[in-house]
Every structure is written in C-alpha cells, then in structure tokens.
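A closer look at the structure
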Amino acid sequence: MGEVSRAAVAEAVAERDALEVARALQDAGVAAHPVSDAGDVAGDEHLWARGFFGLLSGREDMRPHGGPAFGGGADIRMTPGHRPGEDNRAVLRDIAGLSDAEIDAAEAVGVIGGGPSSTERPRATAAEYAVRIERGELSRVDDAFDGWTHAR
C-alpha cells in the first residue's frame, strides 16, 4: 500500500464531521477520536452514561466531577473536597497543639484564613478571554456557562 500525503487526508475529511471521521477510522481498526477540550468532555453524553462523571452536592451548587482515577461508575461515592482553610482549626489544634485562643488570635491578624471561595472569583472580561484565545490558552468561551451547574 502506498503512502498517503497529509494533503490527501485533509482533502478527504475537509467536509466531514469530526465524529463521522472518527467512527469511520474506528470501523477500520484505527484508534481515533476528535480532539476535545474540557467543554467537549464535560458535555459528552457517553461519559455521563458510563459514570465517568457524577454530581457533587452539599455546597451551594452542584458540580460535575470525574470519579476516582477518571471514572469509577455509579458505584463510587463521590464527595466534595475540602475548601481552602476548612481544616485549619483541626490541624492547628490536633496536630500543631495550638489552643483555640491561639488559633483565634492567628485568624484575627490574618496569619491563617480560608482562602477565596469559588463564588468570589470575578469572571474574566471579553477582552481578557480574547487574549487567552489568541495565545492558545483557550479554544473558545461558552457564554452560557453559569458556574458549574449541570442540569441532568
């Protein structure tokens, strides 16, 4: 079989949908999938159906998370991670041996704290997103994104 040029491949797939091309390649025994960004992966119905993601609740919102070691299915219990500083008091008291008064004093002067919550982060401006897209840091911006709420 002769060698196929990149130009010939590009011409053959130029007008075809990326998933259609991937399926054709898979049918021919070639491991293939379209290049995906985080938005593509987070919205992939197959991954949701297979239990790759789960919804964590118990905070002020619900967030999709991948299970242990990328997946794990519906049988894996997923819980939210601790927020920055959430364990300060227990660590400083139980491990470092500080009294509650010492911990209170450290908090009062700002030596320790909880860190910003996800709701305190300002959304980037359109101009900032444009720069990040131009640099190649982002491929696109989903203007409909409303945090991490995922309606299922």
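Bear in mind the structure is a predicted one, so any value in this text is a computation, not a measurement.

1. A word on the overall build of the protein chain
What the protein chain contains, in helices and strands, is seven helices and two strands. Along the protein chain, from the amino end to the carboxyl end, the secondary structure elements read α-α-α-α-β-β-α-α-α. The buried share among the 152 residues of the protein chain stands at 12%. Restricting to contacts in the protein chain with at least 6 residues of sequence separation, those with at least 24 account for 30%. When the accessible surface of the protein chain is split by element, carbon and sulfur atoms take 55% of a total near 11,800 Å².

2. Topic: the confidence of the model for the protein chain
Overall, the prediction assigns the protein chain a mean pLDDT of 77, with 70% of residues at 70 or greater. Within the protein chain, the element-level pLDDT minimum falls on strand β2 (residues 63–66), averaging 57, and the maximum on helix α5 (residues 88–95), averaging 93.

3. Description of the pattern of salt bridges
Under the defined criterion, the tally for this structure stands at ten salt bridges. Put simply, Arg89 and Asp104 hold a salt bridge, and the shortest N to O gap is 2.6 Å. Here the residue Arg89 occupies a position in helix α5, and Asp104 occupies one in helix α6 (residues 100–108), the gap between them amounting to 15 residues. Relative accessible area serves as the criterion here: at 27%, Arg89 is assigned to the partly exposed category. In this structure, Glu137 and Arg135 form a salt bridge, with 3.1 Å as the shortest nitrogen-oxygen distance. Its relative accessible area of 60% is what places Arg135 among the exposed residues. Each member of the salt-bridge network shares a partner with another, and the members are Arg89, Arg93, Asp94, Asp100, Asp104 and Glu107.

4. So, the packing of α5 against α6
The interhelical angle for the contact between α5 and α6, taken along N-to-C directions, is 135°, at an axis separation of 10 Å. Looking at the two axes, α5 sits oblique to α6. Viewed along their axes, α5 and α6 form a crossing whose handedness is right-handed. Every residue of α6 that contacts α5 at Arg89, Leu92 and Arg93 is listed here: Asp100, Ile103, Asp104 and Glu107. Residues that form the contact of α5 with α6 fall into these classes: two nonpolar, no polar and five charged.

5. What about the environment of Asp142?
Counting through the fold element by element, Asp142 comes out in the segment after α7 (126–135). It is 8.2 Å that separates the C-alpha atoms of Asp142 and Gly39, two residues lying 103 residues apart in sequence.

What counts and how
- Residues numbered from 1 in each chain as written.
- Predicted model: local features only at pLDDT ≥ 70, side-chain atom pairs only at ≥ 80, totals over all residues.
- Heavy atoms only, no water.
- Helix = DSSP H or I, 4+ residues; strand = E, 2+ residues; numbered from the N terminus.
- Buried < 20%, exposed > 50% of the residue type's maximum accessible area, 1.4 Å probe, protein only.
- Contact = heavy atoms within 4.5 Å.
- Areas by Shrake-Rupley, 256 points an atom, 1.4 Å probe, with all protein chains shown as cover.
- pLDDT = per-residue confidence, 0-100.
- Salt bridge = Lys/Arg side-chain N within 4 Å of Asp/Glu carboxyl O.
- Axes fitted to C-alpha atoms, helices over the stretch in contact; angles between N-to-C directions.
- Parallel < 35°, antiparallel > 145°, perpendicular 65-115°, else oblique.
- Left-handed = near helix turned anticlockwise from the far one by under 90°.
- Nonpolar A, V, L, I, M, F, W, Y, C, P; charged D, E, K, R; others polar.

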